[in-house]
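Fold and contact review
Take a look at the letters that make up each chain.
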Amino acid sequence: MAEGAAGREGPAPADAAGGEDDPRAGPDAASGDGVAAAPGGRGRDRRSGVALPGAAGPPADSEAGLLEAARATPRRSSIIKDPSNQKCGGRKKTVSFSSMPSEKKISSASDCISFMQAGCELKKVRPNSRIYNRFFTLDTDLQALRWEPSKKDLEKAKLDISAIKEIRLGKNTETFRNNGLADQICEDCAFSIVHGENYESLDLVANSADVANIWVSGLRYLVSRSKQPLDFMEGNQSTPRFMWLKTVFEAADVDGNGIMLEDTAVELIKQLNPTLKESKIRLKFKEIQKSKEKLTTRVTEEEFCEAFCELCTRSEVYFLLVQISKNKEYLDANDLMLFLEAEQGVTHITEDMCLDIIRRYELSEEGRQKGFLAIDGFTQYLLSPECEIFDPEQKKVAQDMTQPLSHYYINASHNTYLIEDQFRGPADINGYVRALKMGCRSIELDVSDGSDNEPILCNRNNMTTHLSFLSVIEVINKFAFVASEYPLILCLGNRCSLPQQKVMVQQMRKVFGNTLYTEAPLPSESYLPSPEKLKRMIIVKGKKLPSDPDVLEGEVTDEDEEAEMSRRMSVDYNGEQKQVWLCRELSDLVSICQSVQYRDFELSMKSQNYWEICSFSETEASRIANEYPEDFVNYNKKFLSRIYPSAMRIDSSNLNPQDFWNCGCQIVAMNFQTPGPMMDLHTGWFLQNGGCGYVLRPSIMRDEVSYFSANTKGIVPGVSPLALHIKIISGQNFPKPKGACAKGDVIDPYVCIEIHGIPADCSEQRTKTVQQNSDNPIFDETFEFQVNLPELAMIRFVVLDDDYIGDEFIGQYTIPFECLQPGYRHVPLRSFVGDIMEHVTLFVHIAITNRSGGGKAQKRSLSVRMGKKIRECTMLRNVGLKTIDDVFKTALHPLREAIDMRENMQNAIVSVKELCGLPPIASLKQCLLTLSSRLIASDNSPSVSLVMKDNFPYLEPLGAIPDVQKKMLAAYDLMIQESRFLIEMADTVQEKIVQCQKSGMEFHEELHNLGAKEGLKGRKLNKATESFAWNITVLKVRN
């Protein structure tokens, strides 16, 4: 029985063609289509600012031929294209497929069993880095699993179902972890059958994740079937779902004949599932009737139930339900509670809360009364707002709003009065309405002289339409605090004569009243007021006259940015700015946002007042960000910076806001009227913190003494990188792209995942293409990203239609890293213009860990890189001043202790996970649940007892236990010991680090004087200051 299953089978002779018995025949399935596509094709034309990683070359080992099918394929660009500007290209289309092995959907355990009995080819993985093709089948009596060809006789090339201990999905056995080709095997296509008293493993790879799920679900059902009474009879006719469908049919069958018109049946299914198309339902009825060799316009109860199950069962949700329900076809309250706690990360969940969920989402009356959630109710629950990917805590103001105004990113609009491009677009009042409803907190008003002494707003390139200044500020007053109650900044572009300036002031004072913030800033303060203090206030940004009250009017530099840029680019530009007249009344409206011209950082840090704000053109800001990234970040700790798009963007295209957020720039003005990837980033970023238009910057960019470089391509001092694991499972109801090239209603979707943030975090990966499936394409691919500064990172999901003549945009969703919810989530996709598309979603699984991978170090390269980065980001730098360096040296030992305790704890947890057969992304709750199920004796009694020693939970064996359980207990004991050591030593180590940080900060004010005494100046003094800030940052974060 077990000889063949234990992985000791030798390779069969290979024929000249390299047939089924040849190990080289295995790479197509071994790769599982899961290897991420390498960058190429049109990726270099992207405007999204994502840095594409380099293409990986072919492996340089003796198995190069075996890996041929795993080589990377060209990546399609995920840039959003305007459908009206599509260009045809001569690229060859490369498509990989993820489809079910048959047209029939898997909707029950019996479907899985039937498929397994028919059999299919699987790859058998051996520890010696060899992979064999084998054809696996399930016996008709459901007692054994068999495979062929094999050198053994037929009775030995089998595995009894009764010998199976567990079934693991993924690469979670020693064979997979130690196999030289494991990195080329798709995680979602791999599974293992653990059997026998010694927990040997039969390790297999399917040719798609769907097939793997069928085998795993079917085998788990068979194992549970042999150990406990059946929850339902063979077939589907007595399942809770079938009984519910029967009552639905009978209620609609008014004549009671057990038959109804096809039109009635179609309407009934559409009521139960509104996302289904009528044509698809009618086609399914015809298919069912054709299989029964009948043709009629009437539908029986059996046909109705069959059609509903075929159309409305999402196989990926069914597999998940079976997995978490312990192989039942429904969830009870206890199953749901464990799912929410262990998988979804929900805390403080109770049985009553689970029963309430069941009552709200279960469709059958029986299920609601008895407290179980069947497949249809579970699907509804997963699609509900309760399971969205966006953290509900971030849908309200969740950040500290008492920091200075300069410590926040501020939602800002450029040319707010436009709803089209700035070259020809007319001024439109709806531009202000749209921006304010989207939570915009900084809007622009370019005001000119109008007729009848009435100031107006207009596009200088299109003077035919204009808006009265009064009507604009009345609309602003109406909508100013609808989306957010935090302060609104009016960026005033003044091109008016003195008389009309006075009219502007009168109108603003009358319309805005007490909401105008005109309180003079206090020179004794060092920072701007907080958003909390400025709630429901309107702040005017503009030029200001000298404080002499006798000066009633005077000349100031022009605030007209576009005209100024045009002058600077002209050959006659002599470096002088144009002067305009300003009246005292308008000057007095400007308080804490006084516009001044930027000179250089050294001058600004010495003489600029905290209430003064500089505006930078996109071109100038980009140059500064590249040349002085650290200085830009330090400048923005105290002062507001406003960035506006280049005047060359006559089509009102948008800059990449991330480039300037990385520098700490607070007000990055965007053209709200122009959709696209840049606006997607902006909109997604300001969804957090309740959409209030203010987002608190990372502490490393706020603290007075801290080090951060916007251009960092490596480590961030003191910040440990995280591993983001994203599994793209499936899509739902993808629409055909607008303006798509003619190929009927068929689409071939694929998904791109983009990570935006600091340069070190920018990355992109994509799924394979699923051919001709828009309703429920199955991707089942897992991706992993390293994120070095999570507080500045965003994830953008983009769905595209793979086409011969250009990949068409289907939908996207952008979300800040900090707003991700773990577990199984639906992602609501947005259209090209940013609107949520009804019923159009991605189904994903999210996990965030502080390390990656398992097994031997050489097998988990990302984990090794992350461990190295953790040590690098906590290394202290030499300041070059002995007195200060001696202080920082006292922190070296406690820092090393802290890192060692952290790594030892992580390694101990990973060891337990590996022995439990769990992936690195598994939670500790899942780990303990699995461990408890393994420590059971053959008579189902516990083989260990829980003993509390000094308030720590230890496990002690109850008599003799197998070696496998001994290993688990040893790993568990090590985890408890490391936890205990960490808890007992953490306060002592922390106190040492805190003391060193305090001692170091005592030198902050005297740093330049000490450097001068040691002869440091210029670049050397700057380097010493930078190293000092780095060390303080490391000690703060570690603390």
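Residues numbered from 1 in each chain as written. Predicted model: local features only at pLDDT ≥ 70, side-chain atom pairs only at ≥ 80, totals over all residues. Heavy atoms only, no water.

Mean pLDDT for the protein chain: 83, with 82% of residues reaching 70 or above. With pLDDT under 50 throughout, residues 228-235 is counted as low confidence; its partners more than four residues away or in other chains account for 12 contacts. (pLDDT = per-residue confidence, 0-100. Contact = heavy atoms within 4.5 Å.)

Regular strands show a simple pattern: their side chains alternate between the two faces of the sheet. Covered by surrounding structure in strand E27 (residues 763-766) are Ser 763 and Gln 765 together with Glu 764 and Arg 766, the residues of both alternating faces. Alignment of strand E26 (residues 749-756) against E27, held across 4 bridges, turns out to be antiparallel. The partner of Glu 754 across the bridge, within E27, is Glu 764. In sequence, E26 turns back onto E27 through a hairpin of 6 residues. (Buried < 20%, exposed > 50% of the residue type's maximum accessible area, 1.4 Å probe, protein only. Helix = DSSP H or I, 4+ residues; strand = E, 2+ residues; numbered from the N terminus. Pairing = 2+ DSSP bridges.)

Here we come to the nonpolar core. In this structure, Leu 445 and Ile 476 are the most contacted members of the largest nonpolar core, which totals 79 residues. Beyond its immediate stretch of four places on either side in the chain, Leu 445 contacts Tyr 432, Leu 457, Phe 469, Val 472, Ile 473, Ile 476, Leu 490, Cys 491, Leu 492 and Gly 493. One finds Phe 136, Tyr 318, Leu 321 and Ile 375 within the second-largest nonpolar core, a separate group that totals 60 residues. (Core = buried A, V, L, I, M, F, W, Y, C linked by side-chain atoms within 4.5 Å.)

It is worth spelling out the environment of Gly 170 at this point. Following the sequence through the fold, Gly 170 ends up in the loop between strand E5 (164-169) and helix H3 (174-178). Sequence separation between Gly 170 and Asp 188 is 18 residues, and the spatial gap between their C-alpha atoms is 5.7 Å. Ignoring any residue separated from it by four or fewer positions in sequence, one finds Gly 170 in contact with Phe 176, Glu 187, Ala 190, Phe 191 and Ser 192.

Here the focus is the pattern of salt bridges. All chains considered together, the criterion is met by 47 salt bridges. Where Arg 584 meets Asp 588, a salt bridge forms, and the shortest distance between an N and an O atom there is 3.7 Å. In this pair, Arg 584 and Asp 588 both sit in helix H18 (residues 584-589), 4 residues apart, roughly one turn of the helix. In this structure Arg 584 comes out as buried when scored by relative accessible area, which is 11%. Of the charged contacts, one joins Arg 649 and Glu 618 as a salt bridge, the two residues approaching to 2.7 Å between their closest N and O atoms. Of this pair, Arg 649 sits in the loop between strand E22 (641-644) and helix H22 (657-661) while Glu 618 sits in helix H20 (residues 618-627), and the two are 31 residues apart along the sequence. (Salt bridge = Lys/Arg side-chain N within 4 Å of Asp/Glu carboxyl O.)

Below, the discussion takes up the packing of helix H5 (residues 240-252) against helix H8 (residues 301-312). Where H5 contacts H8, the two axes come as close as 10 Å, and the packing angle between them is 125°. On the basis of their axis angle, the class for H5 and H8 is oblique. At the point where H5 passes H8, the crossing takes the right-handed sense. Note on element contacts: H8 touches H5 through Glu 301, Phe 304, Cys 305, Phe 308, Cys 309 and Cys 312, opposite Arg 241, Phe 242, Trp 244, Leu 245, Lys 246, Val 248, Phe 249 and Glu 250. Of the residues contributing to the contact of H5 with H8, the split by class is 10 nonpolar, no polar and 4 charged. (Axes fitted to C-alpha atoms, helices over the stretch in contact; angles between N-to-C directions. Parallel < 35°, antiparallel > 145°, perpendicular 65-115°, else oblique. Left-handed = near helix turned anticlockwise from the far one by under 90°. Nonpolar A, V, L, I, M, F, W, Y, C, P; charged D, E, K, R; others polar.)

Direction vectors running N to C along helix H6 (residues 262-272) and helix H7 (residues 278-291) enclose 125°, while the axes themselves pass 10 Å from each other. It follows that H6 is oblique to H7 by the angle criterion. As for how H6 packs across H7, the hand of that crossing is right-handed. Touching Glu 262, Asp 263, Ala 265, Val 266, Ile 269 and Lys 270 of H6 are Glu 278, Ile 281, Arg 282, Phe 285 and Lys 286, all from H7.

Looking now at the pairing of strand E34 (residues 952-957). Note: strand E33 (residues 944-949) against E34, 6 bridges, orientation antiparallel. Bridge pairing links Met 948 to Pro 953 in E34. In this structure, the hairpin formed by E33 and E34 is closed by a connection of 2 residues, where Asp 950 is found at a positive phi of approximately 55°.

Moving on: the environment of Glu 978. Within the element layout of this structure, Glu 978 appears in helix H28 (residues 963-1001). The class for Glu 978 is buried, based on a relative accessible area of 18%. Sequence spacing of Glu 978 and Gln 906 is 72 residues, and the spatial spacing of their C-alpha atoms is 9.2 Å. Ignoring anything within four residues of it in the chain, the contact list for Glu 978 reads Asn 904, Met 905 and Ala 908.

For the rest of this paragraph, the subject is the packing of aromatic side chains. Per the stated rule, a full pass over the model turns up 26 aromatic pairs. When the centroid spacing of 6.0 Å and the interplanar angle of 35° are considered together, the rings of Tyr 824 and Phe 843 count as tilted. One end of the pair, Tyr 824, is in strand E31 (residues 823-830); the other, Phe 843, is in strand E32 (residues 836-849), with 19 residues separating them in the sequence. On the basis of relative accessibility, which here comes to 14%, the residue Tyr 824 falls in the buried class. Among the aromatic side chains, those forming a connected cluster through ring pairs are Tyr 598, Phe 601, Phe 616, Tyr 628, Phe 632, Tyr 635 and Phe 639. (Phe/Tyr/Trp six-rings, centres within 6.5 Å; stacked < 30°, edge-to-face > 60°.)

Residues three or four positions apart in an α-helix share a direction because the helix packs 3.6 residues into each turn. Of all 9 residues making up helix H23 (residues 677-685), 8 are buried, and the element is well covered by its neighbours. Three or more residues of H23 are buried, namely Pro 677, Met 678, Met 679, Asp 680, Leu 681, His 682, Gly 684 and Trp 685.

Our next topic: the side chain of Asp 203. When you line up the elements, Asp 203 lands in strand E7 (residues 200-205). In terms of polar contacts, Asp 203 uses its side chain to reach the side chain of Thr 175, at 3.1 Å. Polar contacts involving the side chain of Asp 203 include one to the side chain of Ser 201, which spans 2.8 Å. What Asp 203 contacts, discounting residues up to four positions off in sequence, is Lys 123, Lys 124, Val 125, Thr 173, Thr 175, Phe 176, Phe 191 and Ser 192. (Polar contact = N/O pair within 3.5 Å; in protein donor to acceptor, adjacent residues only side chain to side chain.)

Take the sheet that holds strand E3 (residues 144-148) next. Reading across the sheet, the 7 strands line up as E4-E3-E2-E1-E7-E6-E5 and stay open at both edges, with antiparallel pairing between neighbours. In this open sheet, the two edge strands, each paired with only one partner strand, are strand E4 (158-160) and E5. For this sheet, the mean inter-axis angle between neighbouring strands, taken without regard to orientation, is 30°. Two strands pair when backbone bridges link them, and E5 and strand E6 (residues 190-195) are joined in this way by 5 bridges, in the antiparallel orientation. Bridge assignment links Ile 167 to a residue of E6, and that residue is Ile 193. Each of strand E1 (120-125) and strand E2 (131-138) touches helix H2 (residues 109-118); the most contacted strand, E2, lies at about 120° to it. Helix-sheet contacts for helix H4 (residues 209-225) involve E1, E2, E3, E5 and E6, and the interaxial angle to E5 is about 155°.

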